[in-house]
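Observations on chain architecture
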Amino acid sequence: MPNARNPKKRAEREDHGWVISFGCKTVGKLMRLKVETDPASDTSPIEVPCPCGETHSVIVSPYRRRRSADEPFDVEVKTLDELR
């Protein structure tokens with residue numbers, strides 16, 4: 001008997017990358033770094049070029065989260081290796 005609550009197979013969730021948030025003291029704002037690949041494999045600090053013009057040292061937390069489709073971001077990279 002088919003499941004009446006969920007008759008269609010649940011669609012795969014689209015991958016929109018990952019978000020690492022960091023604070024910019026220069027402008028006093030929370031910034032978002034979008035990363036295409038899962039950054040969980042390496043949590044060493046990265047140097048992020050901020051839109052304010054400075055470069056911030058950011059510690060990558062293992063508690064990162066997936067990015068939603070319409071979520072804005074301030075900086076974008078494919079992998080964290082680009083910032084090391």
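Before going into details, it helps to say that this report is about the structure given with it. Everything numeric here is computed off the predicted structure, so don't read it as measured data. Just so you know, the residues in each chain are numbered from 1, in the order the chain's sequence is written. The predicted origin of the model limits local features to residues at a pLDDT of at least 70 and limits the giving and counting of side-chain atom pairs to 80 or more, whereas totals for whole chains, interfaces and linings rest on all residues. Values reported for side chains reflect all heavy atoms of the structure, with hydrogen atoms and water molecules removed beforehand.

1. Notes on the environment of Cys24
The condition that has to hold: Think of it this way: any DSSP run of H or I at least four residues long counts as a helix, any run of E at least two long counts as a strand, and we number them from the N terminus. Relative accessible area decides the class of each residue, using a 1.4 Å probe on protein chains only: under 20% of the type maximum gives buried, over 50% gives exposed, and in between gives partly exposed. Working rule for contacts: check all heavy atoms of both residues, and any pair within 4.5 Å makes them a contact.
Take Cys24: it is sitting in strand β1 (residues 18-24). Residue class for Cys24 comes out buried when judged on its relative accessible area of 2%. With 26 residues separating them along the chain, Cys24 and Cys50 place their C-alpha atoms 7.8 Å apart. Apart from the residues lying within four places of it in its own chain, the contact partners of Cys24 are Lys29, Met31, Cys50, Cys52 and His56.

2. Re the side chain of Lys34
What counts here: We define a polar contact as two N or O atoms separated by no more than 3.5 Å, with the added condition that, inside protein, one atom must be a possible hydrogen donor and the other a possible acceptor, whereas residues neighbouring each other in sequence contribute only through side-chain atom pairs.
Secondary-structure assignment places Lys34 in strand β2 (residues 29-35). At a separation of 3.2 Å, a polar atom in the side chain of Lys34 contacts the side chain of Glu76. Other than its neighbours up to four places away in sequence, Lys34 contacts His16, Trp18, Arg67, Phe73, Val75, Glu76 and Val77.

3. Quick notes on the sheet that holds β2
For clarity, the cut-off: For two strands to be treated as a pair, DSSP must find no fewer than two bridges joining them.
Strand order in this open sheet of four strands is β5-β1-β2-β6, and the pairing throughout is mixed. Both outer strands of the open sheet, β5 (65-66) and β6 (75-77), are each paired with one neighbouring strand and no more. In this sheet, β6 lies alongside β2 in parallel orientation, the contact comprising three bridges. The partner of Val35 across the bridge, within β6, is Val77.

4. Brief notes about the pattern of salt bridges
Note the cut-off: For salt bridges, the criterion is a side-chain nitrogen of Lys or Arg within 4 Å of an Asp or Glu carboxyl oxygen.
Counting across every chain of the model gives four salt bridges. A salt bridge links Asp81 to Arg84, with the nearest nitrogen and oxygen atoms 3.9 Å apart. Classification of Arg84 by relative accessible area gives partly exposed; the value is 40%. Three or more residues are tied together by salt bridges with common partners; here these are Lys34, Glu36 and Glu76.

5. A look at the environment of Ala69
Relative to the helices and strands, Ala69 resides in the loop between β5 and β6. A relative accessible area of 52% places Ala69 in the exposed class.

6. As for the nonpolar core
What counts is decided by this rule: Take the buried Ala, Val, Leu, Ile, Met, Phe, Trp, Tyr and Cys residues and link them wherever side-chain atoms come within 4.5 Å; each set so joined is a nonpolar core.
Residues Ile20, Phe22, Leu33, Ile46, Val48, Leu80 and Leu83 are the most contacted members of the largest nonpolar core, which totals 15 residues. At the level of secondary structure, the elements contributing two or more residues to this core comprise β1, β2, β3 (46-49) and β6. With sequence-adjacent residues up to four places away left out, Phe22 is seen in contact with Lys29, Leu30, Met31, Arg32, Leu33, Val48, Cys50, His56 and Val58.

7. Some remarks on the pairing of β1
Most of β1 sits inside the fold, with five of its seven residues counted as buried. Both β1 and β2 contribute to a ladder of seven bridges, which runs antiparallel. In the sheet register, Cys24 faces β2, and the bridge partner there is Lys29. With two bridges connecting them, β1 and β5 associate as antiparallel partners. Bridge assignment links Trp18 to a residue of β5, and that residue is Arg66.

Any functional reading would require information beyond the geometric quantities listed.
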